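Structure at a glance
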Amino acid sequence: MNVLFTLLGWLGLGLGLLSLPAALFVGPHLLAVALGFTGFGLGSLMVASGFRRRTNWATWSGIALCAVPVLVAALAVYQAANAVEWDSVAVWGSVATFFAVTLVAIYTHRSGRRF
C-alpha cells in the first residue's frame, strides 16, 4: 500500500502542478481540477507516510481518499452511459474499478485487523 500511495501521490501532485499554470489562464473550472489533483497528491503522500509507520489513521484516510474518485467516476459513468458515449464509459469505468479495488485492498489489509 505504501508504494501504491507514493506513486499515486507523485502522479497527482505532478498532474496538478503541471496543469496549474494553464489553469490560471483558462478559467476557474480547470483551476479547481488542478487544485483537486494537487490535494489528492498531497493526501496520497501523507497516507503513504502513515502506511510506512503502520498507523490506523492512514488506513481510514486512504479509504476516504479512494472513496472520492470512486464516486466521481461512478457519476461520470452514469452520465456517459446516458449520452451513449461508450468510450467514456470504458475510461471512467476503469478508473472507478481501479480505485474501488484499491479501497477494498486497503480495508482488508488494514493494521490492527483481528482475524
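For the structure, see preceding data.
All of the points below concern the structure found in this document. (Residues numbered from 1 in each chain as written. Predicted model: local features only at pLDDT ≥ 70, side-chain atom pairs only at ≥ 80, totals over all residues. Heavy atoms only, no water.)

1. Structural notes on helix α4 (residues 86-108)
We apply this condition: The way it works is that DSSP assigns letters per residue, a run of H or I at least four long becomes a helix, a run of E at least two long becomes a strand, and they are numbered from the N terminus. Expected helix span is given by 1.5 Å per residue-to-residue step, counting one fewer step than there are residues. Exposed residues in this analysis have more than 50% of their type's maximum accessible area, buried residues have under 20%, and partly exposed residues fall in between, with area computed by a 1.4 Å probe over protein chains only. Two residues qualify as a contact provided that any one of their heavy atoms is within 4.5 Å of a heavy atom in the partner residue.
Along its 23 residues, α4 runs 32 Å from first to last C-alpha, staying within 8% of the 33 Å computed at 1.5 Å per residue. Restricting attention to buried positions, one finds in α4 the residues Val89, Ala96, Phe99, Thr102 and Ile106. For α4, the secondary structure elements touched by its buried residues are α1 (2-26), α2 (28-52) and α3 (56-82).

2. Overview of α3
Compared with the 39 Å implied by 1.5 Å per residue over 27 residues, the 40 Å span of α3 between its first and last C-alpha is a close match. Within α3, burial applies to Ala58, Thr59, Gly62, Ile63, Leu65, Cys66, Pro69, Val70, Ala73, Ala76 and Ala80. On its buried face, α3 is in contact with α1, α2 and α4. Note on α3: the residue one or two positions beyond its end, Val84, has a positive phi of about 55°.

3. A short note on the nonpolar core
Selection rule: Nine residue types can take part in a nonpolar core, namely buried Ala, Val, Leu, Ile, Met, Phe, Trp, Tyr and Cys, and a core is a set of them joined through side-chain atoms within 4.5 Å.
Phe5, Phe51, Phe99 and Ile106 are the most contacted members of the largest nonpolar core, which totals 13 residues. At the level of secondary structure, the elements contributing two or more residues to this core comprise α1, α2, α3 and α4. In terms of residue count, α3 provides more of this core than any other element does, five residues in total.

4. Details of unusual backbone geometry
At Arg54, a residue that is not glycine, the phi angle is positive and equals roughly 55°. In this fold, Arg54 is placed in the loop between α2 and α3. A residue is classified by how much of its surface remains accessible, and Arg54, at 71% relative accessible area, is exposed. You will see that Val84, though not glycine, has its phi angle at about 55°, which is positive. Topologically, Val84 is positioned in the loop between α3 and α4.

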